[in-house]
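Read off the chains here:
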Amino acid sequence: MRNCRLLIVLAMFTTTSVAQAPAEVKEDIINANPIVENPVQLEISEWKVPWKDSRPRDPDVAPNGVIWLVGQGGDYAARFDPASKEFTRKVLPPGTGPHNLIIDRDGTLWIAGNRQAFIGRMNPYTGELTRYTLPEETARDPHTLVFSGTEEIWFTMQWSNYVGRLNKNSGNIDLVPMQTEQARPYGIKMDSRGHPWIALLGTNGLATIDPKTLVLKTVYLPREDARLRRLAITGDDAVWYTDYSQGYIGRYDPESGEFTEWKTPSERSLPYAMAADKLGRVWFVETSPQPNLLVGFDPLFGTFFSVTPIPSGGGVVRHMVYDQNRNSLWFGTDTNYLAQAVLP
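Asks: So what about the overall build of the protein chain? Which residues, and what values?
Replies: In terms of regular secondary structure, the protein chain is built from zero helices and 33 strands. Since a compact globule built from 344 residues should have a radius of gyration of about 20 Å, the 19 Å found for the protein chain is in line with a globular shape. Based on the C-alpha atoms only, the size of the protein chain along its principal axes is roughly 55 × 50 × 30 Å. Each of the 344 residues in the protein chain was classed as buried or not, and the buried ones make up 59%. Within the protein chain, contacts between residues separated by at least 24 positions form 44% of all contacts whose residues are at least 6 apart in sequence.

This is how it looks when you write it as structure tokens:
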């Protein structure tokens, strides 16, 4: 399909917690749905999670290759062994509402206790849980976690309108308030310099924070109706995002300040989960189509080269992680499955 390119020149504003000032006017590129003629279909395997209607989500890959995930509706952290195909679980306190899980280098589990305002550190063998309670009453809903690359964990709080930073050694938690009311910080990823980037679902912005000063900077997209869910950062430190509201994926270049966007394949898309692979290709899930569609985008050619229906339907795929050793994506579905998509 021929690419349609539309150059839009708009004023883009950049803010920090110190001052607000307009940035340079940039040329921003929107490409209309550049899908290849015969998109590749992936092999997707799914395993039914044995705890009914528990919304399994946000898997991560442990150093030993096993997969852990949380049951948001079932208050558990579950272990899946890809070799035996067996699930086991560790029970969390009732009402935890775990939203996200990440795994440390030593196999320790870190869990966002979304409904009880804590970050949990769990021993994967014993299930022993240490709770780090958020320091302010207004900070109450840890959402998505990411390792800093040193001794911290950054995390978002969508409804509290904060981004937090937990020191794993001291347990100290820093809170950075958003500048925009109801900015709804959502997905979060780290760049190579150790700076977190945050998708703001309540406005048309990306945020980043200086880890030394905790100064917040917000960059607004040219399209005012954009609403971002998830991010991926490729090896060139480009920040990729899903625009859930309007059906785009986009790339932001922090060096040039340029946005480039592509209209997603489905007419009604609702792109949500996103990840990048070792080749710098970007993957995301369209959650409006039923079944959900796992879509691959190649930045080198600027095309959507892969579209695969999720066998169980997906319901909504909210988050996924790239497993480099298996060259696979792992994700949970609202239809109560854990899924693995093997990449080409």
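Additional details are given in the paragraphs that follow.
Asks: Tell me about the pairing of strand β27 (residues 271-276), residues and numbers included.
Replies: Regular strands place side chains that alternate from one sheet face to the opposite one. Burial analysis of β27 places six of its six residues in the buried class, which makes it a mostly covered element. When β27 meets strand β28 (residues 282-286), the two strands line up antiparallel, connected through four bridges. Bridging across to β28, P271 finds its partner in E286. Connecting β27 to the antiparallel partner β28 that follows it, the hairpin turn spans five residues, and G280 within it adopts a positive phi of roughly 80°.

Asks: Outline the sheet that holds strand β31 (residues 320-323), listing residues and values.
Replies: Spatially, β6-β33-β32-β31 is the arrangement adopted by the four strands of the open sheet, whose pairing is antiparallel. Of all the strands in the sheet, the pair left with one neighbour each is β6 (43-48) and β31. Ignoring strand direction, the axes of neighbouring strands in this sheet form an average angle of 20°. Bridge analysis of β6 against strand β33 (residues 337-342) gives six bridges, and the strand direction is antiparallel. Counted as the bridge partner of E43 is V342 from β33.

Asks: Go over the pairing of strand β18 (residues 173-177), please, and point to the residues and values.
Replies: Pairing analysis gives five bridges linking strand β17 (residues 162-167) to β18, with the strands arranged antiparallel. Bridge pairing in β18 links V163 to V176. Turn length for the β17-β18 hairpin, with the two strands adjacent in sequence and antiparallel, is five residues, and the turn residue G171 shows positive phi of about 80°.

Asks: Describe the packing of aromatic side chains, with residues and values.
Replies: The geometry of an aromatic ring pair comes down to the distance between the two centres and the angle between the two planes. Taken as a whole and assessed by the stated rule, the structure comprises 18 aromatic pairs. Here the aromatic rings of Y186 and Y272 are separated by 6.2 Å at their centres, their planes lie at 50°, and the arrangement is tilted. Here Y272 lies in strand β27 and Y186 lies in strand β19 (residues 185-190), a separation of 86 residues in the sequence. Classification of Y186 as buried rests on a relative accessible area of 3%. Ring geometry for W240 versus F297: centroids 5.8 Å apart, planes at 55°, classification tilted. Of this pair, W240 sits in strand β24 (residues 239-243) while F297 sits in strand β29 (residues 293-298), and the two are 57 residues apart along the sequence. When its relative accessible area of 0% is taken as the criterion, F297 is described as buried. Of the aromatic side chains, those joined through ring pairs into one cluster are W47, W51, Y76, F80, F87 and W330. Positioned above the aromatic ring of Y248 is the side chain of R223, whose terminal nitrogen or guanidinium carbon lies 4.0 Å from the ring centre. In this arrangement the basic side chain of K263 is found over the ring face of Y248, its NZ or CZ atom lying 4.6 Å from the centre.

Asks: Any chance you could break down the nonpolar core for me, citing the residues and the numbers?
Replies: Ranked by size, the top nonpolar core spans 17 residues in total, and within it W283, V285, L294, M320, L329, F331 and A341 carry the most contacts. Going through the elements one at a time, β27, β28, β31, β32 (328-332) and β33 are the ones with two or more residues in this core. The residues touching L329, leaving out its near neighbours within four places in the chain, are A275, W283, L294, M320, V321, Y322, A339, Q340, A341 and L343.

Asks: I'd like a rundown of the sheet that holds strand β14 (residues 129-133), residues and numbers included.
Replies: A sheet is described by the order of its strands in space; here four strands give the open sequence β11-β12-β13-β14, paired in antiparallel fashion. Since the sheet does not close on itself, it has two edges, and those belong to β11 (98-103) and β14, each with one partner. For this sheet the average axis-to-axis angle between neighbouring strands, irrespective of direction, equals 20°. The pairing of β11 with strand β12 (residues 109-113) spans four bridges and is antiparallel. Considered in β12, the bridge of P98 is made with G113.

Asks: Mind laying out the pattern of salt bridges, listing which residues take part and the relevant values?
Replies: Considering all chains together, one arrives at twelve salt bridges under this definition. Here R223 ties to D225 by a salt bridge, and the two come within 3.8 Å at their closest N and O atoms. Residue D225 is classed as partly exposed on the basis of its relative accessible area of 39%. For D334, the salt bridge identified is with R318, shortest N-O distance 2.6 Å. In this pair, D334 sits in the loop between β32 and β33 while R318 sits in the loop between β30 (303-309) and β31, placing the two residues 16 residues apart along the sequence. Residue D334 is classed as partly exposed on the basis of its relative accessible area, which comes to 28%.

Asks: Account for the confidence of the model for the protein chain, with residues named and values stated.
Replies: Mean pLDDT over the protein chain works out to 92, with 92% of the residues at or above the 70 mark. Throughout residues 1-27 the model reports pLDDT below 50, and contacts reaching past four residues in sequence, or to other chains, amount to 63 contacts.

Rules and cut-offs
- Residues numbered from 1 in each chain as written.
- Predicted model: local features only at pLDDT ≥ 70, side-chain atom pairs only at ≥ 80, totals over all residues.
- Heavy atoms only, no water.
- Helix = DSSP H or I, 4+ residues; strand = E, 2+ residues; numbered from the N terminus.
- Rg over C-alpha atoms; globule rule 2.2 N^0.38 Å.
- Buried < 20%, exposed > 50% of the residue type's maximum accessible area, 1.4 Å probe, protein only.
- Contact = heavy atoms within 4.5 Å.
- Pairing = 2+ DSSP bridges.
- Axes fitted to C-alpha atoms, helices over the stretch in contact; angles between N-to-C directions.
- Phe/Tyr/Trp six-rings, centres within 6.5 Å; stacked < 30°, edge-to-face > 60°.
- Lys NZ or Arg CZ within 6 Å of the ring centre and 35° of its normal.
- Core = buried A, V, L, I, M, F, W, Y, C linked by side-chain atoms within 4.5 Å.
- Salt bridge = Lys/Arg side-chain N within 4 Å of Asp/Glu carboxyl O.
- pLDDT = per-residue confidence, 0-100.

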